[in-house]
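# Observations on the three-dimensional arrangement
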Amino acid sequence: MPNQPLSAPSRFPHSFWMLGHAYPNGRGGRARPGKVTALAILLLLTVAAIVLGSTWYERHLIANSKLVPVTRVLALPDSQGFGAPSGQVGPSWQALDWQNVELPHAWRRDWPGHEGHAWYGISIQIPQNWSGDDLALMVSSASMAHEVFWDSQLIGRDLSLEEPLSRSWNHPSYWRLKTSAGQQHHLLIGVTGYARHGGGLGTVYVGDALDVLRLYQLTEWKRQQLQQFSLGMLLALCVIFTVIWFNWPLHAYYGWYSLMLLGWVGYGYNYIAAAPGWFGSTRAFHGFLIATLLVFIGALWMFSWTLLRRSSLRKSMALWAGLGTLMALLLGVPSDTRWQDDIQLAALLVCMLMGVLSMLQWLAFAWHTRTAESVILSSAVSLVGLTVIHEVAAMQGWLHSPRYFTLLLSTMMLMGIGFVLAQRLARSLEREHHYKQELQTQIEEAEERLRQAMLQNRELEIQKARLEERGRMVRDLHDGLGSTLTGSIARWSTWPSAAVRADEVVDVFQQIHNELRLILETGTITDPHDFMALFANTRLRLQRALENAQIRSQWRTEGLEALCLKPEKALPILRLLQEALTNVIKHSAATIVQIQLIQRAGQLHLHVRDNGAGMALGRMTSEEMTTDGRARGMGLAGMRQRVRELGGAFCIDTAPGEGCHVHVSILLESPAGAVPSQPPAQSGWT
């Protein structure tokens, strides 16, 4: 998660303030940089302990070792250059051109511009009090390749003394020899290299085999094993932060930091390489090293810009266009041309300049923010910049100083930057975890409130359902039983008591019974798909009533299996059917009645046709029934009212002696402007 500033002081850029001050911890306060400070101090102490400890131990070994003093060293450059034969004894000791030099010896100081071979002659005088015959020789370094003669006998030679040259500058050489007290020996060392690439000879130690072996092991540890450890740490960091960048691609500074590490690993290969490898010459190999240095310095600048929020596409493209051009020239121009040296020099100067500017940028950042983390980051980047400047100066021979601690120092400083970035990531993950916990708490609270609301809503729905059920039952009782009882009471109250017939009373009780059965049956519906079962019960009851009246019934249904009706709509439809058949039983004197209930095209059609006496009503619509007294007397007006409430159409077609046909059409789905239609009568009665 990105670190967002709260507010930025106006006296320095927003990006500077953001990195130095906007590090809130998981509880919203400012994070304490104690861990980063402690790690930075630990890294510095580690580097100091390694450097000071190994230096003290080396001096202790030299002071307490049994060594033969090397009092005079002669040197002679070979004018034949790289064409001089190797493996020969070399120039005569009586040559007049020998020069007195001191070890370690650098060609740039005495022979600037020299390329090829050079010879070093050393006379070794064994003391008279020397005990034993074991003797050892160690050459700390030779740049680039060398061969060694002991008393005119070849005792050691690098694999290649011509291009591509072997690289002996980064590791020592050790031989065990035989001698006796008072004996004099002649040591001749031939070195092949370039003055501009640090050509020369390191320190030579001759003495007791065990003491010289300890010196050799210490030097080998400093120049090889320590460098391999440093490169391994850098490569591991590179892999780790590459994985982090892949998982958090929005934080580009992780990717640029990984590229920094990769560039420095490529340059650090210079410290352990024993040969130029697939590069054809030493000059080409140095071009590759400078190219990796350009990659490192470019990634350093991109890392600084992205971390300080000062990057832009235009600046990035300009930076990599310039560096890419230099790298293309370094790797593309043939190494055997004079232009290659000028290109390498220009690229090294660019590296030095960009290193200085990067140091100034980070020092300004530390000055403005003045926080522990900003000081640590600025110090680490500044020391890395100084390392780049030191390396450039050493490669060009402008500076003569030991280089085998440079890689270790830069590794520790880059690790320090990595620790700062790791703590940024840890704080981001901590904040994200804290935010997730808060979000989870809020979600749980919201779920609890929702659960309580749902429980309350469920109680309200239950209460509402109870009230609706009570209201429905009240309406059903009022519409059915109420109308039956009210009509009967009104009719009987005007008649003399002797005029009330028993069959009329039974008929009223039968209507009450049928109405109660219909209300109870519809009240048991819980699923709208149960209409077919409800219709079957009603059909069975009505069919028995028709049989008792000596009326044969023929039923036809279609599409009822998929019919979905709520109880408040199913009950009026079944009442219509019940009232229509009740009229057939009471008034028609029919012998056959046909009932048809069809669902088609979003409409439900009910047809009831009998072969009874009929009526002198003709064909009447539902509107005409409201004014005709005969229709009201047979309950047709009530049927019309039910159909009207359902949003349907009601029609009756009858004539004396021709039976009666009642047709009800109800819209199940009511699109705008839809009018119920009357389908043709169906055949196929059951």
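Residues numbered from 1 in each chain as written. Predicted model: local features only at pLDDT ≥ 70, side-chain atom pairs only at ≥ 80, totals over all residues. Heavy atoms only, no water.

### Examining the sheet that holds strand E3 (residues 105-106)
Strand order across the open sheet formed by three strands is E3-E11-E6, with antiparallel pairing between neighbours. Each edge of the open sheet is held by one strand with a lone partner, namely E3 and strand E6 (142-143). (Pairing = 2+ DSSP bridges. Helix = DSSP H or I, 4+ residues; strand = E, 2+ residues; numbered from the N terminus.)

### Details of the sheet that holds strand E12 (residues 204-207)
What the three strands build is an open sheet, ordered E9-E5-E12; its pairing is antiparallel. With one partner strand each, in any of the chains shown, strand E9 (173-178) and E12 form the two edges of the open sheet. When strand polarity is set aside, the average angle formed by the axes of neighbouring strands in this sheet is 15 degrees. Two elements, strand E5 (residues 134-139) and E9, share six bridges in a ladder whose sense is antiparallel. For Asp 134, the partnering residue across the bridge sits in E9 and is Lys 178. (Axes fitted to C-alpha atoms, helices over the stretch in contact; angles between N-to-C directions.)

### What to know about the pattern of salt bridges
For the structure on display, the rule yields 13 salt bridges. The closest approach of N and O atoms between Asp 211 and Arg 214, which form a salt bridge, is 3.0 Å. With Asp 211 and Arg 214 both in helix H4 (residues 209-247) and three residues apart, this pair spans about one turn of that helix. Using a relative accessible area of 12% as the deciding quantity, one classes Asp 211 as buried. With a closest N to O distance of 3.6 Å, Glu 432 and Lys 436 form a salt bridge. Of this pair, Glu 432 and Lys 436 both sit in helix H10 (residues 406-493), four residues apart, which is roughly one turn of the helix. For Glu 432, a relative accessible area of 25% corresponds to the partly exposed category. One salt-bridge network, in which partners are shared between bridges, spans Glu 115, Arg 196, Arg 283 and Asp 341. (Salt bridge = Lys/Arg side-chain N within 4 Å of Asp/Glu carboxyl O. Buried < 20%, exposed > 50% of the residue type's maximum accessible area, 1.4 Å probe, protein only.)

### Some thoughts on the side chain of Thr 282
Tracing the backbone shows Thr 282 in helix H6 (residues 282-307). On the basis of relative accessible area, Thr 282 is assigned to the buried category, the value being 1%. Excluding residues within four positions of it along the chain, Thr 282 makes contact with Met 144, Glu 163, Leu 165, Tyr 194 and His 197. (Contact = heavy atoms within 4.5 Å.)

### Re the pairing of strand E18 (residues 660-667)
Judged by how many residues are buried, E18 sits mostly within the fold: eight of eight residues are covered. The two faces of E18 match: Cys 660, Val 662, Val 664 and Ile 666 on one face and His 661, His 663, Ser 665 and Leu 667 on the other face are all buried. Taken together, the eight bridges between strand E15 (residues 603-610) and E18 define a ladder with antiparallel strand orientation. Bridge pairing links Val 608 to Val 662 in E18.

### Some thoughts on the confidence of the model for the protein
When the pLDDT values of the protein are averaged, the result is 78; 76% of them are 70 or greater. Counting contacts from residues 1-33, a segment whose pLDDT is below 50, to residues more than four positions away or on other chains yields 75 contacts. Predicted confidence for residues 671-675 stays below pLDDT 50, and this span has two contacts to residues more than four positions away or in other chains. (pLDDT = per-residue confidence, 0-100.)

### Some thoughts on helix H5 (residues 252-268)
With 17 residues, H5 extends 24 Å from end C-alpha to end C-alpha; this agrees with the ideal 24 Å at 1.5 Å per step. The buried count for H5 comes to 13 of 17 residues, which makes it a mostly enclosed element. (Expected span 1.5 Å × (residues − 1).)

### Remarks on the environment of Ile 41
Structurally, the position occupied by Ile 41 is in helix H2 (residues 34-64). Remark: the alpha-carbon pair of Ile 41 and Ile 376, spanning 335 residues in sequence, is separated by 9.4 Å.

### A short note on the nonpolar core
In terms of nonpolar packing, the biggest core is built from 66 residues, with Tyr 257, Phe 303, Leu 414, Ile 417 and Leu 421 touching the most fellow members. For this core, the secondary structure elements donating two or more residues are H2, H4, H5, H6, helix H7 (313-332), helix H8 (338-369), helix H9 (372-395) and H10. Of the residues forming this core, the biggest block, 15 residues, is contributed by H6. Once residues lying within four places of it in the same chain are set aside, the contact partners of Leu 414 are Leu 234, Tyr 257, Met 260, Leu 261, Trp 264, Phe 296 and Val 384. Judged by nonpolar contacts, the second largest core, of 36 residues, contains Leu 542, Leu 563, Ala 590 and Leu 646. (Core = buried A, V, L, I, M, F, W, Y, C linked by side-chain atoms within 4.5 Å.)

### Concerning the packing of aromatic side chains
This model, assessed by the stated rule, comprises 21 aromatic pairs. Each ring, one from Phe 535 and one from Trp 555, has its centre 6.2 Å from the other, and the planes form 75 degrees; the classification is edge-to-face. In this pair, Phe 535 sits in helix H12 (residues 531-548) while Trp 555 sits in strand E13 (residues 552-558), placing the two residues 20 residues apart along the sequence. With relative accessibility at 2%, the residue Phe 535 sits in the buried group. Since its relative accessible area comes to 2%, Trp 555 is described here as buried. Taken together, the aromatic side chains of Phe 241, Tyr 253, Tyr 254, Tyr 257, Phe 303, Trp 362 and Phe 365 make up a single cluster linked through ring pairs. Just above the ring of Trp 130 sits the side chain of Lys 66; from NZ or CZ to the centre is 4.4 Å. Directly above the ring of Trp 305 sits Lys 315, whose terminal nitrogen or CZ lies 4.8 Å from the centroid. (Phe/Tyr/Trp six-rings, centres within 6.5 Å; stacked < 30°, edge-to-face > 60°. Lys NZ or Arg CZ within 6 Å of the ring centre and 35° of its normal.)

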